[in-house]
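Structural characterization, general
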Amino acid sequence: MAPFDFRVQVKNGEPFPLLEPDFMFGVSGAPKAAIDGRGVYCGTGAGLQLTNPANVVELAVINGSQIAIITAFGAGGQTNSKNVPSAPGVQHVRFDFAGIYRVKFESMGSELYLQTIS
């Protein structure tokens, strides 16, 4: 998957779902992208569907309040969830297992932003 930076490759107000060559991305209940210097706003829930399964997915996120849970779904029903605590600045989340095809973002405090995927 080619690196993708939501802050520069998506315009604020672009309609959801975002359809890119390597993925589709959307935010629950949001008709269009809210982009600022932190990335794309994920609300309380968002989803990333990969066009082709990957064995490694790396994300750069900012979580401004409470806990966020990011879950990757892979081949054979394998899943892996990571808690992302509230912290200043960018946090990097990496999933490394066979056949990742979907990533789910859940935020308890509605302050989760996705900056980049690779």
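Heads up: the structure comes first, above all this text.
As a starting point, this report considers the structure included with it. (Residues numbered from 1 in each chain as written. Predicted model: local features only at pLDDT ≥ 70, side-chain atom pairs only at ≥ 80, totals over all residues. Heavy atoms only, no water.)

A short note on the overall build of the protein
Going by this rule: The way it works is that DSSP assigns letters per residue, a run of H or I at least four long becomes a helix, a run of E at least two long becomes a strand, and they are numbered from the N terminus. The globule rule used for comparison is 2.2 Å times the number of residues to the exponent 0.38, while the radius of gyration itself is calculated over C-alpha atoms. Throughout this description, buried means an accessible area under 20% of the type-specific maximum (1.4 Å probe, protein chains only), exposed means over 50%, and partly exposed covers the range between. In this analysis, two residues are considered to be in contact whenever any of their non-hydrogen atoms come within 4.5 Å of each other.
A count of helices and strands for the protein gives 1 helix and 10 strands. Compactness check: the protein gives a C-alpha radius of gyration of 13 Å against a globular reference of 13 Å for 118 residues, within 12% of the reference. C-alpha extents for the protein along the principal axes are approximately 35 × 30 × 25 Å. The 118 residues of the protein split such that 41% are buried. Expressed as a percentage of contacts within the protein between residues at least 6 apart in sequence, the contacts between residues at least 24 apart total 66%.

With respect to the pattern of salt bridges
Here is the rule we go by: For this analysis, a salt bridge means a side-chain nitrogen from Lys or Arg found within 4 Å of a carboxyl oxygen belonging to Asp or Glu.
Taken as a whole and assessed by the stated rule, the structure comprises 6 salt bridges. The salt bridge involving Arg-38 is made with Glu-111; its shortest N-O contact spans 3.8 Å. Of this pair, Arg-38 sits in the loop between strand E4 (35-36) and strand E5 (39-41) while Glu-111 is found in the loop between strand E9 (91-107) and strand E10 (112-117), placing the two residues 73 residues apart along the sequence. Taking relative accessible area as the criterion, Glu-111 reaches 30% and is therefore assigned partly exposed. In this structure, Arg-94 and Asp-96 form a salt bridge, with 3.4 Å as the shortest nitrogen-oxygen distance. A residue is classified by how much of its surface remains accessible, and Arg-94, at 40% relative accessible area, is partly exposed. One salt-bridge network, held together by shared partners, links Asp-36, Arg-38 and Glu-111.

Section: the packing of aromatic side chains
Ring pairs (aromatic) are described by centroid distance and by the angle formed between their planes. Applicable threshold: The criterion for an aromatic pair is that two Phe, Tyr or Trp rings (for Trp, the six-membered ring) have centres within 6.5 Å, with stacked assigned to planes under 30 degrees apart, edge-to-face to planes over 60 apart and tilted to the rest. In this scheme, the term charge over a ring applies when either NZ of a lysine or CZ of an arginine sits within 6 Å of the ring centre and within 35 degrees of the ring normal.
Under the definition given, this model contains 7 aromatic pairs. Aromatic pair Phe-4 and Phe-6: ring centres 5.0 Å apart, planes at 75°, arrangement edge-to-face. Aromatic pair Phe-16 and Phe-25: ring centres 6.0 Å apart, planes at 65°, arrangement edge-to-face. These aromatic residues form a ring-pair network of at least three members: Phe-4, Phe-6, Phe-16, Phe-23, Phe-25 and Phe-105. Just above the ring of Phe-73 sits the side chain of Arg-102; from NZ or CZ to the centre is 3.9 Å.

What about the environment of Asn-52?
Considering the arrangement of structural elements, one finds Asn-52 in strand E6 (residues 45-63). Along the primary structure Asn-52 and Gly-13 are separated by 39 residues, whereas in three dimensions their C-alpha atoms are 27 Å apart.

A word on the nonpolar core
Generally speaking, a soluble globular protein has its nonpolar side chains buried in company with each other. Heads up, the rule is: Among the buried residues, those of types Ala, Val, Leu, Ile, Met, Phe, Trp, Tyr and Cys that are joined through side-chain atoms within 4.5 Å form a nonpolar core.
Within the largest apolar cluster, 32 residues are counted, with the highest numbers of intra-cluster contacts made by Phe-6, Phe-25, Leu-59, Ile-70, Val-103, Phe-105 and Leu-114. Those elements that provide at least two residues to this core are strand E3 (23-27), E6, strand E7 (68-73), E9 and E10. Residues in contact with Phe-105, not counting those within four places in the same chain, are Phe-25, Thr-44, Gly-45, Ala-46, Gly-47, Leu-48, Leu-59, Ile-69, Ile-70, Leu-112 and Leu-114.

Keep in mind that these numbers describe shape and distance, not what the molecule does.
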